[in-house]
Amino acid sequence: MSDFPRWKYALVAIVLVLGIVYALPNVFLPVPAVQITANRNGTVDQALEQKVTDALKKANVVSTGVELNNDHLLASFTNPDVQKSASDAIKAALGDDYTVAFNLKSTVPHWLTAIGAKSMPLGLDLQGGVHFLMQVDQDDVIDKQETRYADDIRSALREKNIRYDSVVRNGQRGQGVSVVLKSAEDRTAAANLIATDYPDLTLTDGAATGDRFPIIAVVRPDKLRELSVNTIRQNLGTLRNRINALGVSEPIIQQQGDSRIVVELAGVQDTAEAKKIIGATATLEYRSGYGTPQQAIDAQRSGIVPPDARLYKDRDGRPYLLSKNIIVTGDQLVDASSSFDQQSGSPAVSVTLNAAGAKKMLDFTTGNVGKPMGVVYVERVVDTKIVDGKEVRTPKITEEVINYATINGVFGKNFQTTGLRSAKEASELALLLKGGSLAAPVDIVEERVIGPSLGQDNIQKGLRAVTLGLALVLLAAAFYYKLFGLVADVALFFNLVILVAVMSAVGVTLTMPGIAGIVLTLGMAIDANVLICERIREELRNGSSPHASIRAGYDKAWATILDANVTHLIAALALTTMGSGPIKGFGVTLLIGILTSMFTSVTVTHAITALIHGHRKLKTLSV
Amino acid sequence: MEIFNHNANVNFLGMRKFSVGIAILLMLASIALIAVKGLNYGLDFTGGVSLVVDYDQPVQVGDVRAALEKGGMEHAVVQSMGGTKEVSIRLQPKDDPQSGVSTGGKVNLDKIADDVTKTLQAARPDAKLKSRDYVGSAVGEELRSDGIVAAIVVVLGIGLYLGIRFEWRFAVAAIATEAHDALVTVGIFALTQREFDLTVLASVLAVIGYSINDKVVVFDRVRELFRLARKAEPEEILNRSINNTLSRTIITALFTAITMAALYFFGGPVVHGFAITMLIGILVGTLSSIFVASPILLWLGVSKQDLMPKTKENPELARRP
């Protein structure tokens, strides 16, 4: 019939088929598994497989299969309880040479994964995940702060022409900066200057000997405390940014005690990847070049580096001399994205600086066109080694020149950094830079795999409630709107399928609040059909023919549905973009649900209605 | 089947002084309640105490939770930690009935750890406390400020959309009733002192979404009737709009409430907060759609002229071919 064009039937059919296919992976529940990876001394081979099988047999644990993959062994089990016992048994049998971690083994058929269909990841509350306890290095904060004060005081004295002998940090951390001046007058002048410029410092005069007149400037304890509070807060924020960028939804990021942070990530079993991103403190430093390449080679050979410069190397070991003064650091970055250099086609990171950074960069490039500038990649990792049965952690700082080039023109806010090895590296660096820099380095002091917090019984209760609620609504709709209600029911069912398909494709993490969100979405999705059915009834009451009533019902209801849903969509959009944790997950569910329900409850029901009533002469409508 | 008389013509606008008066009273009462009693914030907002307990023999998380509930600690979060013998427990100090609420503002970590251990040992003697610590809140400062930004964006966005698609009076009426619905829902939480956690917050925001959806349907009918009517007496049009949409307003509320009631009664404790908030919100939102939103429109002076399609009024445009 003319009301409903053929292309729309085709659209409905295509969407329904795609919806079913992409929702399908969720039917194949992943099975609990234990993953065994080798540490330094272990190897993963057939012998290990045999050892694991024997250990399981000895502990009376039934495994559904032990599988040897490239670098790890995966033993699967029927339920999480068996998985736990198995993990305990394997751990006991294998000792410290292997890492035994929980994992999930996907049972989704190959042809589905081949077309990109995947199941929804489950949240921490539904399936557990990994738990990290991180220690914030507060010493580093004090170090940085004292060094900064020393630099500031030095330049302030120089600016005011106060003659000083030296400005250095005291040997012991927290003991402040000692300033040595040449005369008593200079000391008074310096003390006045420091006291007015830096109220956070407490000044005491040291014992004067000959022409040495020292002042000890110590950072006030309350200022230090404030700094450490701010540090941990900034680190929390940075970690949140990074983890949100990782795409793990519903993470838990909490402060614990004074200097610790707990991070829990749902569904992440591969801890190595997560650790790399959350614990990394990679940043970029832009420094001006110093001297000629030959000077750099000489400096490397002789070991004598000019006082204003530092010697760096690039990946291939080539030496570079760069100025000690940093033009801009990663802190001043507001945005970063990976891209490709338009001229060379090599991977690059596009960087946007904040106002202060942009000004510095502009000032520097204005005065230095034609001179070289170097980009230094600074990364800090913590090496853990067992020495005499004790864990010893040594932070290792890697500094590498990734780009050394002549400044071709003046630039400020936006520019590109090339010299990265691969597109993957560029995108990882962009992710880190965008996530902000950590105010102080963090060390992961503990990592664990945790089980679901809700427990199997609660999850089952939740699912039972969902099924029951849906069934009741379906019944009520069919009862109240008869045939049209049944059509709405079919559409509602497809709404659930398409919603699940889209959520799976997008990769939304499913949690208990998320399930509640789905239920709510379905409850509200029926609203569009209520609007349509009520309109059709009104039209019938006004004496329109059945066909005209259907047409007018859909036409008139559409405007209402659109207005109501667009306003609802605005609310959902704000939840999605600005919330985090369960709020965000809920917002995403709502957002997708509104869109899919607009399609199913209007277009799909219209298609079915047209199929049923289209070619028949109607006297009455079952509505 | 029909429940509602489609010829109903209840004079809802006639009771506007009464209904809006109650709405304002409810709002004021909610503000007072939130200010005086405050909300009973959950672990997500306040942070609390984190304990790790070791068992000699394997233990089920459900059993640990049951033991804690028996001791009166109902809101504790229990998770198993890598293996069968270790569990992590997180709770707020006030959940521990013995500790009383923190003495002099300071939380006695030892006391709480002691109480929890004793409670667990009453059920299983092999429970041993392994570590204890304070935890910060899961809701960071930035989330709170982001929440405010989000609220402003929602209000502006909805206002702008309604302003363009309808008219500014509709935007004002929608936002005012919206504020009422959200406030009263939160006010009921302050009154009952039910735990207010992140899930409940999400639910309050969902209430706003539900309620705006509900109001727009009525407003849409108002616009339609104004445009159709030859002689448009605002009060009569508004009354007819409410009556015409009444059956859909209530049926939709019922359908949504059915799902939420199922969630509340059978969904287990985890979704209680969400479901009860939605149920309250659906009730408040439905009532305000019927009794509050339209009277505000009337007072703002909505009229037929405001709603006629703008292009026709512009002589410049009308003259064009």
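Here the structure is a predicted model, which means the values were calculated and not measured.

Cut-offs applied
- Residues numbered from 1 in each chain as written.
- Chains lettered and ligands numbered in written order.
- Predicted model: local features only at pLDDT ≥ 70, side-chain atom pairs only at ≥ 80, totals over all residues.
- Heavy atoms only, no water.
- Helix = DSSP H or I, 4+ residues; strand = E, 2+ residues; numbered from the N terminus.
- Buried < 20%, exposed > 50% of the residue type's maximum accessible area, 1.4 Å probe, protein only.
- Contact = heavy atoms within 4.5 Å.
- Areas by Shrake-Rupley, 256 points an atom, 1.4 Å probe, with all protein chains shown as cover.
- Rg over C-alpha atoms; globule rule 2.2 N^0.38 Å.
- Lys, Arg positive; Asp, Glu negative; His and termini not counted.
- Charge placed at Lys NZ, Arg CZ, Asp CG, Glu CD.
- Pairing = 2+ DSSP bridges.
- Axes fitted to C-alpha atoms, helices over the stretch in contact; angles between N-to-C directions.
- Buried area = accessible area lost by both parts, 1.4 Å probe.
- Salt bridge = Lys/Arg side-chain N within 4 Å of Asp/Glu carboxyl O.
- Nonpolar A, V, L, I, M, F, W, Y, C, P; charged D, E, K, R; others polar.
- Domains from an automatic or database assignment.
- Left-handed = near helix turned anticlockwise from the far one by under 90°.
- UniProt positions renumbered as here; feature names shortened; annotations may be inferred.

Colleague: Looking at this model, I keep getting lost on the overall build of chain B. Mind explaining?
Modeller: Looking only at helices and strands, one finds 13 helices and six strands in chain B. The burial tally for chain B puts 52% of its 321 residues in the buried class. Counted over contacts in chain B with a minimum sequence separation of 6, partners at least 24 positions apart contribute 76%. Taken as a whole, chain B presents about 14400 Å² of accessible surface, with 62% of it coming from carbon and sulfur.

Colleague: What is the right way to look at the overall build of chain A in this model?
Modeller: Check the secondary structure of chain A and you find 16 helices and 20 strands. Computed over C-alpha atoms, the radius of gyration of chain A comes to 33 Å, more than 25% over the 25 Å expected from 2.2 N^0.38 for 623 residues, which places it beyond the range of a compact globule. Its C-alpha atoms give chain A principal-axis dimensions of about 115 × 65 × 50 Å. Burial status across chain A gives 51% buried among its 623 residues. Sequence separation of at least 24 residues holds for 71% of the intrachain contacts in chain A that already meet a minimum separation of 6. Of the accessible surface of chain A, which amounts to about 28600 Å², a share of 55% is contributed by carbon and sulfur atoms. Taking the 62 positively charged and 61 negatively charged side chains of chain A as two groups, their mean positions are separated by 5 Å.

Colleague: Would you take a moment to explain the sheet that holds strand S6 (residues 164-169) of chain A for this structure?
Modeller: The strands making up a sheet associate through backbone hydrogen bonding, with each pair oriented either parallel or antiparallel. All names here are of chain A. Taken together, the four strands give an open sheet; going across it, the order is S6-S7-S9-S8, and neighbouring strands pair in antiparallel fashion. One side of each edge strand has no neighbouring strand; the edge strands of this open sheet are S6 and strand S8 (201-205). Averaged over all adjacent pairs, the angle separating strand axes in this sheet is 20°, with direction ignored. Bridge count between strand S7 (residues 177-181) and strand S9 (residues 213-219): five bridges; the pairing is antiparallel. Bridge pairing in S9 links Val-177 to Ala-217. Docked against the sheet, helix H6 (residues 138-159) engages S6, S7, S8 and S9, running at close to 165° with respect to S6. Across the sheet, helix H7 (residues 184-197) lies against S7, S8 and S9, angled at about 15° from S9, the strand it touches most.

Colleague: Looking at this model, I keep getting lost on the interface of chain B and chain A. Mind explaining?
Modeller: One widely used convention gives an interface's size as the accessible area the parts lose upon coming together. With 77 residues of chain B at the contact, the number on the chain A side is 77 residues. Of the roughly 6500 Å² buried where chain B meets chain A, counting both sides, 63% is carbon and sulfur surface. Linking chain B to chain A there are six salt bridges. One salt bridge connects Asp-527 of chain A with Arg-248 of chain B, and the closest N-O pair in it is separated by 2.1 Å. Those elements that provide at least two residues to the side of chain B that touches chain A are strand S3 (77-80), strand S4 (86-91), strand S5 (127-135), helix H5 (141-165), helix H7 (198-228), helix H8 (234-266) and helix H9 (272-291) of chain B. Looking at the side of chain B that touches chain A element by element, the count peaks at 16 residues for H7 of chain B. The residue makeup of the side of chain B that touches chain A, split by class, is 40 nonpolar, 22 polar and 15 charged.

Colleague: How should helix H10 (residues 293-300) of chain B be read in this particular structure?
Modeller: At 3.6 residues per turn, the α-helix brings residues three or four places apart onto the same side. Residues and elements named next belong to chain B. The buried fraction of H10 is high, at six of eight residues. Listing the buried residues of H10 in full gives Ala-293, Ser-294, Pro-295, Ile-296, Leu-297 and Leu-298. If you follow the buried residues of H10, they end up packed against helix H1 (16-36), helix H6 (168-192), H7, H8 and H9. Looking one or two residues beyond H10, the residue adopting positive phi is Gly-301, at roughly 80°.

Colleague: Just to check I follow, could you spell out the domain arrangement of chain B for this structure?
Modeller: You can read the domains of chain B as domain 1 (12-40 + 139-306) and domain 2 (48-135). A separation of 40 Å is found between the C-alpha centroids of domain 1 of chain B and domain 2 of chain B.

Colleague: Looking at this model, I keep getting lost on unusual backbone geometry. Mind explaining?
Modeller: The bulk of non-glycine residues show a negative phi, and the bulk of peptide bonds are trans. Residue and element names in this part refer to chain A. One non-glycine residue, Asn-60, lies in the positive phi region at around 60°. Among the secondary structure elements, Asn-60 is positioned in the loop between helix H2 (46-58) and strand S2 (65-68). Look at Lys-482: it is not a glycine, yet its phi comes out positive at around 45°. Relative to the assigned elements, Lys-482 resides in helix H13 (residues 455-506). Under the relative-accessibility criterion, Lys-482 is labelled partly exposed at 37%.

Colleague: Help me out: how do you make sense of the pairing of strand S12 (residues 283-289) of chain A in this one?
Modeller: All names here are of chain A. For S12, a buried count of six out of seven residues is recorded, marking the element as mostly surrounded by other parts of the structure. Bridge analysis of S12 against strand S14 (residues 319-329) gives four bridges, and the strand direction is antiparallel. Counted as the bridge partner of Glu-285 is Thr-329 from S14.

Colleague: In this structure, what is going on with the sheet that holds strand S16 (residues 347-353) of chain A? I would like to understand it.
Modeller: Residue and element names in this part refer to chain A. Here three strands make up an open sheet; going across it, the order is S15-S16-S19 and the pairing antiparallel. Two strands bound the open sheet, and with one partner strand each, they are strand S15 (333-340) and strand S19 (414-418). Averaged over all pairs of adjacent strands, the angle between strand axes in this sheet comes to 25°, irrespective of strand direction. Inspection of the sheet shows S16 paired to S19 by five bridges, in the antiparallel sense. The residue bridging Ser-350 from the neighbouring strand is Gln-416, located in S19. Here helix H12 (residues 423-434) sits on the sheet and contacts S15 and S16; the angle it forms with S15, its principal contact strand, is near 170°.

Colleague: Help me understand the pattern of salt bridges in this model?
Modeller: Opposite charge on two side chains allows them to pair when their charged atoms are near. A complete count under the given rule lists 33 salt bridges over all chains for this structure. Across the pair Asp-181 of chain B and Lys-215 of chain B runs a salt bridge, and its minimum N-O distance is 2.7 Å. Here Asp-181 of chain B, found in helix H6, pairs with Lys-215 of chain B, found in helix H7; they are 34 residues apart in sequence, far enough to count as distant. On the basis of relative accessibility, which here comes to 1%, the residue Asp-181 of chain B falls in the buried class. Judged by relative accessible area, which is 1%, Lys-215 of chain B ranks as buried. Several salt bridges share partner residues, and in doing so they unite Asp-563 of chain A together with Arg-165, Asp-220 and Arg-223 of chain B into one network.

Colleague: Would you mind showing me how to read the side chain of Thr-199 of chain B here?
Modeller: Turning to its location among the elements, Thr-199 of chain B is positioned in helix H7. In this structure, Thr-199 of chain B is in contact with Pro-513 of chain A together with Phe-274 of chain B, ignoring residues within four places of it in sequence.

Colleague: Help me understand the packing of H6 of chain B against H7 of chain B, please; the structure alone is not making it clear to me.
Modeller: Packed helix pairs are specified by the crossing angle of their axes together with the interaxial distance, meaning the distance between the axes. Residue and element names in this part refer to chain B. In the contact formed by H6 and H7, the axes pass within 9 Å of each other and the chain directions differ by 145°. Judged by the twist between their axes, the crossing of H6 over H7 is right-handed. Contacts from Phe-170, Ala-173, Ala-174, Thr-177, Glu-178, Asp-181, Ala-182, Thr-185, Val-186 and Phe-189 of H6 reach H7 at Val-200, Val-204, Val-207, Ile-208, Ser-211, Ile-212, Lys-215, Phe-219 and Val-222. Partitioned by chemical class, the residues of the contact of H6 with H7 number 13 nonpolar, three polar and three charged.

Colleague: Just checking my understanding: could you explain the UniProt feature "transmembrane region" (unreviewed entry) in chain B for this structure?
Modeller: Residues and elements named next belong to chain B. According to UniProt, the "transmembrane region" (unreviewed entry) feature falls on residues 18-36, 147-164, 249-267 and 273-302. With 95% helix and 0% strand, residues 249-267 has end C-alpha atoms that lie 26 Å from one another. In residues 273-302, helix accounts for 90% and strand for 0%; the two terminal C-alpha atoms are 39 Å from one another.

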